[in-house]
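Spelled out from the first residue to the last, the chains are:
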Amino acid sequence: MNKLDVKIVVRTLCMLLLFEVAFLLLSAMVSFIYDEIEYIHLLISAGATLLVSLLGLLFTRDVKKIQMGKKEGYLVVSFIWVIFSFFGLLPFYLSGGIQSFTDAFFETMSGFTTTGATILTNIDAMPKGLLFWRSVTQWLGGMGIIVLSMAILPILGVGGMSLFTAEVPGPTKDKIHSKIGYTAKILWGIYTGITLVESLILWLAGMDYYDAICHSFTTMASGGFSTKGASIAYWNSPLIEYIIIVFMIMSGINFTLYYHLFKGRIHKITKNEELKFYMIIIGVMTIFVMGSLLLHHNEIMSFEQSFRYALFNVVALITTTGFANGDYTTWAPFVWTILLMMMAFGACAGSTSGGIKTVRIALLLKNSYYEFKRLIHPNAVIPVRFNGQVIKPQMIDNVQAFVFIYLIIVIVSVLFFTACGLDFDNAVGTSISAISNVGPAIDQYGPMASYAPMPDICKWYMSFLMMAGRLELFTVFMIFTPAFWTK
């Protein structure tokens, strides 16, 4: 790697802040339409963010054309989530909607990383403008601020490949097109289009315009923030729940497959092993959870209710969306175990979900199976194949390293949370939920609860876990290695 150019990092970050300014102004407009005083705080936040952005651009005005290297790319991608969260918390903090700075940062970081963990205890009483901004943070974080920038920054002379490589989740990066800017435009076009379709369908199903838009933002982002304290259960509508289920499943699919669908390349979809594995997991785990509900809650749940509750919660957690249509913490511990597994697994690479990703799980299972065959036939060359292609040993090593680091982080986090006073169940659930960007955990921090009682030091640690999980671990931890800073 070449020598780090700090000015390139600063200038790129300041350019990206302009996106945040635009959406803060949009949220101020929503607040003004609903005749709320909070539009003033949103405008002040937008003004402060714009001022810092312009000062940074002025300071780096001698940088005529940005040649983004790997070091600069990884630093920009790591720091942008922290910087966006610091400016994004201003509307909550200045308005008094969230009075603690720690809580405001936690809520905003949870939004941008699409985690959905909340410290709010009375969501229904929050101003609509602030809740709209809260939903926007997830929608921006879903497809990725950096991927959004790839459609715009090339015009400003910023190279994008280093940013794209560092930010896009999953072990593989399908660019769709040789030009990275074109790829970003296609991905954001698909993302926006599906969001609009879901908004329309939810409105037709009974939500008002505002709730339909906010929930579409947080569904497609796999975020899970709701405008209601009871989440999706507020509407008590099986139709709305099934609609949310469909779009949560869609948010967990690799978005490049939608591009292939629009191009008529159906074989790309039907032969995609990760998609098949993803759907099989959902189906099998839904049957297990449904069986448990029928066994233990048959007096209060019908067959259809058991199916709907099981499917909804399995999908909500494997896609790391975290919406709730009921409180699964009241179900059998067997169900808790399955749902914790879903939190860890995550959905497809190239989707907006968090977690390990099903492609990594599938590759590990295949490699383990082939290892038995290699032991039986030690002289045979038995490569791992995925989607009809031979997977290089380096990729298998990468996957194994990722899963190992993921498990180490969970273990360390459990130790940290138990040292801070959490019991074991809550420590395990919170650790997996944070690093997988799920939001709700189990027991005390379940889907109908809030993280408000958690000690402040745990909230700051969780914020770091949320960012690390959103950026696939390697991106964040790489900047802490001595090798990264050497030439």
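Residues numbered from 1 in each chain as written. Predicted model: local features only at pLDDT ≥ 70, side-chain atom pairs only at ≥ 80, totals over all residues. Heavy atoms only, no water.

Considerations on the overall build of the protein chain
Within the protein chain one finds 22 helices and two strands. Against the compact-globule benchmark of 23 Å for 487 residues, the protein chain has a radius of gyration of 22 Å, which places it among compact chains. By principal-axis analysis of the C-alpha atoms, the protein chain measures approximately 65 × 60 × 50 Å. The buried share among the 487 residues of the protein chain stands at 59%. Partitioning the intrachain contacts of the protein chain with sequence separation of at least 6 by distance along the chain shows that 71% fall at a separation of at least 24. Here the protein chain displays about 19,900 Å² of accessible surface, and carbon together with sulfur accounts for 67% of that area. Considering the protein chain, the positive charge centre built from 31 side chains and the negative charge centre built from 28 side chains are found 18 Å apart. (Helix = DSSP H or I, 4+ residues; strand = E, 2+ residues; numbered from the N terminus. Rg over C-alpha atoms; globule rule 2.2 N^0.38 Å. Buried < 20%, exposed > 50% of the residue type's maximum accessible area, 1.4 Å probe, protein only. Contact = heavy atoms within 4.5 Å. Areas by Shrake-Rupley, 256 points an atom, 1.4 Å probe, with all protein chains shown as cover. Lys, Arg positive; Asp, Glu negative; His and termini not counted. Charge placed at Lys NZ, Arg CZ, Asp CG, Glu CD.)

Looking at the side chain of Ser27
Mapping Ser27 onto the fold places it in helix H1 (residues 6-33). For Ser27, a relative accessible area of 0% puts it in the buried group. Contacts of Ser27, omitting those with residues within four sequence positions, involve Leu42, Gly129, Phe132, Trp133 and Val136.

Notes on helix H3 (residues 70-88)
Taking 1.5 Å of rise per residue, 19 residues should cover 27 Å, and H3 covers 27 Å from first to last C-alpha, within 8% of that figure. Along H3, the sharpest change in direction is near 30° and occurs at Phe79. Within H3, 14 of the 19 residues are buried, which leaves the element mostly enclosed by the surrounding structure. (Expected span 1.5 Å × (residues − 1). Bend = angle between axes of the 7 residues up to and from the residue.)

Topic: the side chain of Lys459
Along the chain, the position of Lys459 falls in helix H20 (residues 456-470). Looking at Lys459, the relative accessible area reads 2%, which means it is buried. Among the polar contacts made by the side chain of Lys459, one reaches the main-chain carbonyl oxygen of Ala452 at a distance of 3.0 Å. Look past the residues within four positions of Lys459 in its chain and what remains in contact with it is Thr102, Asp103, Phe106, Ile119, Tyr451, Ala452 and Met454. (Polar contact = N/O pair within 3.5 Å; in protein donor to acceptor, adjacent residues only side chain to side chain.)

Notes on a nonpolar patch on the surface
A surface patch of nonpolar side chains, amounting to about 690 Å² of accessible area, comprises Ile37, Ile40, Ile44, Phe86, Tyr93, Leu94, Phe101 and Trp460. For the nonpolar patch, the secondary-structure elements that each account for two or more residues are helix H2 (38-59) and helix H4 (90-95). (Patch = residues over 30% accessible without salt bridge, like charges linked within 9 Å, V, L, I, M, F, W, Y side chains within 5 Å. Salt bridge = Lys/Arg side-chain N within 4 Å of Asp/Glu carboxyl O.)

Scope: geometric values only; no functional claims are made or implied.
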